Structure formats: C-alpha cells, structure tokens
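Single-letter residue listing:
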Amino acid sequence: MSLIFKRKSVRKYRDERVPDELIENLLKAAMQAPSACNAQPWEFIVVSKKEDKEAISKMHKFATPAREASHLIITLGNLNESKVHGMIEQDLGACNENILLQATHEGLGAVWLGFHPIEDRVLKLKEYLNIPDYCIPFSVICVGWPESEGEVKLRYDKSKVHFDRF
Ligand SMILES: Cc1cc2nc3c(=O)[nH]c(=O)nc-3n(C[C@H](O)[C@H](O)[C@H](O)COP(=O)(O)O)c2cc1C
C-alpha cells in the first residue's frame, strides 16, 4: 500500500527537535501541490519557539498537540495571488495533505489543526503572528517525532461510490 494508507494524525511527540532539512522537505512537498491556474497562492510560517507553540496550543480546545510538537507549520492562503475566486480553500487543502504525506515518508508524526473559517481562531493567529489582511491562516500543521507507532484503520466504503449517476 502506498504512503496514503500509512498516514494518520499523530498528536504526541518525543522531546526531540526535527532537523531543519526535514522541515524544508515538508515545505517543498507543500509547494508541489496542485492549485487552480497553478497560482500557488500559499505562504508558510514555521514556528519552533517554545513560548509561541505554547500560545498557539491555547488558541482553541483542539489545538493542544501544538504544545509538544517540534515545529508548527502555519499554512496561509495569499488572496493577492489566488487567480480563481473561491478556489483557495482547495489549493490549501492539497498543500496541507502534501505536508502530511511527506511527514509520513520521513517517519515524522503530524496533525492538521483547523483554523479557517472559524473567525475567533483566525483572529487570534493573525494577531499573534502579525499576519497581514491579504493572508488567511488556514491551518497549523504540528510536526514532531512520534511518541508511539499507532495503527491505521482502512476506511474504504463501497456505499459511498456512485457509478454513472448518484
Ligand atoms: C480541516 C481539518 C481540521 C482538523 N482540525 C483538527 C484539530 O483542530 N485538532 C486535531 O487534533 N485534529 C484535527 N484534525 C485531524 C482530524 O481529527 C483527523 O484527520 C481525523 O480524525 C481522521 O484521523 P486520521 O488523520 O488519523 O486519519 C483536522 C483535520 C482536518 C482535515
């Protein structure tokens, strides 16, 4: 089975820093994603300072994995670079998934924390990280060395597939 079937959300990490080269590989994977009109309307903020991770982990009740992660990659949509109105969410979704798959490939653990479109989460992150108004913080990807192996459950469900018509 391919990498896709090995990926799972990892929320507990060992206290060990992920090397910068591996983080750069995640960013390369992110920027390799498809995007509408190949606009590549993304920006990234890489956070690794303890106090910043702590602050972000408190921004909403499901953000706690950010505290122990080695790095956080904040994925942002740049509205000035998006070429097709309304497609930026899909562009950023593809970009996030690429990060998760590359992390799996490198033996890292990662989890996607949702921010956009929940207004109070977005505002907190924008204010804390000085994000300009033309950028939307979509999500925070927590990255670290996984504390344990964990297992993946396969989810294929034939009843969700419709041939020719719904
Ligand atoms: C848009 C989106 C938002 C998510 N937000 C959170 C979150 O805030 N906190 C969290 O722990 N996991 C979050 N997740 C991870 C999901 O909970 C996880 O993908 C789902 O339970 C399936 O598990 P798996 O990733 O291990 O396959 C989010 C995933 C997506 C795609």
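Refer to the structure presented above.
In this text the structure is predicted, and so the values were computed from the model without any measurement.

### Some remarks on the site of the ligand
Reasoning step 1: The environment of the ligand is formed by Lys-8, Ser-9, Arg-11, Phe-62, Ala-63, Pro-65, Val-111, Trp-112, Leu-113 and Gly-114.
Reasoning step 2: Its residues assigned to classes, the shell around the ligand comprises six nonpolar, two polar and two charged.

### What about the packing of helix H1 (residues 20-31) against helix H3 (residues 88-105)?
Reasoning step 1: At a closest axis distance of 7 Å, the pairing of H1 and H3 adopts a crossing angle of 140°. What the angle tells us is that H1 and H3 run oblique. Here the hand of the crossing between H1 and H3 comes out right-handed. Two secondary-structure elements touch here, H1 through Asn-25, Leu-26, Ala-29 and Ala-30 and H3 through Cys-95, Asn-98, Ile-99, Leu-101, Gln-102 and Ala-103.
Reasoning step 2: Residues of the contact of H1 with H3, tallied by class, amount to seven nonpolar, three polar and no charged.

### Remarks on unusual backbone geometry
Reasoning step 1: Looking along the chain, the bond that leaves His-116 and enters Pro-117 is cis, with omega of 10°.
Reasoning step 2: On the secondary structure map, Pro-117 appears in the loop between strand E3 (109-114) and helix H4 (119-129).
Reasoning step 3: Although it is not a glycine, Gln-40 adopts a positive phi angle of roughly 50°.
Reasoning step 4: As for its position among the elements, Gln-40 is in the loop between H1 and strand E1 (42-47).
Reasoning step 5: For Gln-40, a count of 19 C-beta atoms within 10 Å translates into the label partly exposed.

### Structural notes on the nonpolar core
Reasoning step 1: One finds Leu-72, Ile-99, Ala-110, Val-140, Cys-142 and Val-143 to be the most contacted residues of the largest nonpolar core, which totals 34 residues.
Reasoning step 2: Mapped by element, the contributors of at least two residues to this core are H1, strand E2 (71-78), H3, E3 and strand E4 (135-144).
Reasoning step 3: The biggest single contributor to this core is E4, with seven residues.
Reasoning step 4: For Val-143, the residues in contact, after removing those within four places along its chain, are Val-18, Ile-23, Leu-26, Ala-69, Ser-70, His-71, Ile-73, Ala-103, Leu-108 and Ala-110.

Here is what the cut-offs are and how they apply
- Residues numbered from 1 in each chain as written.
- Predicted model: local features only at pLDDT ≥ 70, side-chain atom pairs only at ≥ 80, totals over all residues.
- Near = placed C-beta within 6 Å.
- Nonpolar A, V, L, I, M, F, W, Y, C, P; charged D, E, K, R; others polar.
- Axes fitted to C-alpha atoms, helices over the stretch in contact; angles between N-to-C directions.
- Helix = DSSP H or I, 4+ residues; strand = E, 2+ residues; numbered from the N terminus.
- Parallel < 35°, antiparallel > 145°, perpendicular 65-115°, else oblique.
- Left-handed = near helix turned anticlockwise from the far one by under 90°.
- Contact = placed C-beta atoms within 7 Å.
- Buried ≥ 20, exposed ≤ 12 C-beta atoms within 10 Å, placed from the backbone.
- Core = buried A, V, L, I, M, F, W, Y, C linked by C-beta atoms within 7 Å.

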